[in-house]
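# Close look at the chain arrangement
The lines below spell out each chain.
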Amino acid sequence: MGDYEEETAFLGQNGPFFIIVFLLLNAIYISTGFHSFYIVFAGASPSHSCQVLDGNLSEEWIKASIPVEEMNGKLEQSKCWRYHLDTIKRFATEGYNYGDINLTEVSKERCADGWNYSTDIYHSTIVSEWDLVCEREWQVPFASSTLYMGYLVGSLVSGQLSDRFIPESPRWLISQGRIAEAEAILKDAAKKNKVTAPEIIFKASEVKAAPSHMKKYSMIDIVKTSNICCTTFMCLLLWMAINIGYFGLSLNTSNLLGNPFLNCFLSAVTEVPAYIIATLLLKNCPRRPLLSAFLSIGGGFLLLIQLIPDSLHTLALSLEMAGKFGFTMSFTVVYIYTAEIYPTVLRNLGIGMCSSAARIGSITAPYVIFLGTFSKYLPYILMGSLTIGSSLANIFLPETFGKVLPETVEQMQKCKGCYRVDVPMAEEGKKEVILKEDSEATTVKKRYSTQE
């Protein structure tokens, strides 16, 4: 195949065709955005305490029946325990004032009569509707994870239907030998862009060179050779780590101090400059250091949050938004970077597998945030450490900036540190040629020099 960019240069870089495809893709992502994060509010946990159903107790005794506990360095009413109600009733019947009794010595019991939920912020959530608190609190992250499990399954099904709505990639069609279909799409694009397409876009020699029966690639080919397997492993790690951080911070907005609606708005607004800056930098900067820098920004700011005193909650919020800024830029870069690494024949499969890993990351994220019930800094430490660690994996990936997109497996760049490189033969039925490791080649050279 010749130079694809030169042969399709007649389309230009702008035009109605590109705008239509851009809007169609954005319509899909905008719609999924609403579904992805509605759980932030639907699954929020309002302030709550044990309900005391006894009309004979005064308001003072009802309030006194709830123990005071230390939570995250502050004294608050217990959310899951109350003093034994029969004991409280006996004290009230005998005429004691609640200030005359040392209630800390009274035995406690679970909230047998349910809970009272504050309606100051949320009128109703799945937590208040189904009492998903205390020993049932684990069901809240499970509900979020179930939502993302549905996305994982749905993406596998909807991927088969994608061709019905968006034009197939001409580059991929050519790699499959479907020249006529590729030319039809390009001519239709030229018509929409109001430009004249050549009668024959791809040279006749190239059309003849395309075999009538092209090799069909599957998921097995993504891990078939040591080079592709190494590259895929690094990409899966990156996608999973970025998604845990991105979705974790997005889902955590309702747990932050202050107005949860304002916090969610700030979290969303933070993404706008992140996408713009990342897009501009992608045009002029190498991918590998760019991604490492963004990952370090995202993870580094999260690790700093634990050092901020509780009195400076505005500063802590700013650091979390800065972390979200870094994760959003990482998300933008890793999409482009992964597409540039894989050859055309494996690009859809590679990105599809990475997208599945991303779904696993989003499924895990709610449980990472749930760790905040044990220690509010634990989710930040875990997400920050995982992100910094994944930036090290980025070192082993090849640089793609300024390089021609690979078309075949043979043209795919080598993963750094992968000494054994498997190169599949073009002809079917032949065994793969395995190149010797660099260390073996070096040994041969040394022996040859010695003999001379």
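Residue indices follow the written sequence of each chain, beginning from 1 at its first position. Totals for whole chains, interfaces and linings use every residue, but because this is a predicted model, local features are given only for residues with pLDDT of at least 70 and side-chain atom pairs only at 80 or more, for both listing and counting. For the side-chain quantities, the full set of heavy atoms in the structure was used; hydrogens and water were omitted.

To keep things clear, this is the line we draw: UniProt positions are given in the numbering used here, feature names are shortened, and annotations may be inferred rather than shown by experiment.
An unreviewed UniProt entry lists the protein chain under the name Major facilitator superfamily (MFS) profile domain-containing protein, with Electrophorus voltai given as the organism. Word for word, the UniProt comment on the protein chain under Subcellular location (unreviewed entry) is "Membrane".

## Things to note about the side chain of Arg82
Defined as follows: Numbering of helices and strands starts at the N terminus; helices are DSSP runs of H or I of at least 4 residues and strands are runs of E of at least 2. Any pair of N or O atoms that falls within 3.5 Å is considered a polar contact. Within protein, one atom must be able to donate a hydrogen and the other to accept it, and sequence-neighbouring residues count only if both atoms are side-chain atoms. In this analysis, two residues are considered to be in contact whenever any of their non-hydrogen atoms come within 4.5 Å of each other.
Inspection of the secondary structure puts Arg82 in strand E4 (residues 81–83). Of note is the side chain of Arg82, whose polar atom sits 3.0 Å from the side chain of Asp113. Apart from the residues lying within four places of it in its own chain, the contact partners of Arg82 are Cys50, Gln51, Val52, Ser65, Ile66, Pro67, Lys108, Glu109, Arg110, Ala112 and Asp113.

## A short note on helix H9 (residues 179–192)
Worth spelling out the cut-off: A helix is expected to span 1.5 Å for every residue after the first. Only protein chains enter the area calculation, which uses a 1.4 Å probe; residues under 20% of their type maximum are buried, those over 50% are exposed, and those in between are partly exposed. Arc, as used here, means the arc of the directions from the helix axis to the C-beta atoms.
Taking 1.5 Å per residue, 14 residues should reach 20 Å; H9 reaches 20 Å between its end C-alpha atoms and fits that length. Taken residue by residue, H9 has Ile179, Ala182, Glu183, Leu186, Ala189 and Ala190 as its buried positions. Burial along H9 is one-sided: seen end-on, the buried residues are contained in an arc of 120 degrees. Projecting away from the buried face of H9 at angles above 90 degrees are the exposed residues Ala180 and Lys191. With its phi angle positive at about 60 degrees, Lys194 sits one or two positions after the end of H9.

## Some remarks on unusual backbone geometry
One non-glycine residue with positive phi stands out, namely Asp131, at about 55 degrees. With a phi angle near 55 degrees, Cys134 is a residue other than glycine that sits in the positive phi range. Here Cys134 shows up in the loop between helix H6 (126–130) and helix H7 (139–158).

## Remarks on the pattern of salt bridges
Working definition: two side chains of opposite charge can pair if their charged atoms are close together. The criterion, for reference: In what follows, salt bridge is the name for a side-chain nitrogen of Lys or Arg lying within 4 Å of a carboxyl oxygen of Asp or Glu.
Using the criterion set out here, one finds 9 salt bridges in the structure. Among the ionic pairs, Arg82 bridges to Glu109, the shortest N-O distance being 2.8 Å. In this pair, Arg82 is assigned in strand E4 and Glu109 in strand E5 (residues 108–110), connecting sequence segments 27 residues apart. Here the salt bridges do not stand alone but share partners, grouping Arg82, Glu109 and Asp113 into one network.

## A look at the state of the cysteines
Disulfides are covalent bonds that connect the sulfur atoms of two cysteines. Here is the rule: Counting rule for disulfides: a pair of cysteine sulfur atoms within 2.5 Å.
Following the criterion strictly, the structure yields 2 disulfides and no others. Residue pairing for Cys50: its cysteine sulfur links by disulfide to Cys111, the two sulfurs lying 1.6 Å apart. Across the S-S bond of Cys50 and Cys111 the torsion is about -55 degrees, and the bridge reads as left-handed. Here Cys50, found in strand E1 (residues 48–50), pairs with Cys111, found in the loop between E5 and strand E6 (115–117); they are 61 residues apart in sequence, far enough to count as distant. Neither residue differs from the other here; Cys50 and Cys111 are each classed as buried. Disulfide partner of Cys80: Cys134, at an S-S distance of 2.0 Å. Because the torsion about its S-S bond is -100 degrees, the bridge between Cys80 and Cys134 counts as left-handed. Highlighted residues: Cys80 in the loop between strand E3 (74–77) and E4 and Cys134 in the loop between H6 and H7, separated in sequence by 54 residues. Across this residue pair, the class does not change: Cys80 and Cys134 are buried. For the protein chain, the disulfide bridges join cysteines in the arrangement 1-3, 2-4, where the cysteines are counted in sequence order.

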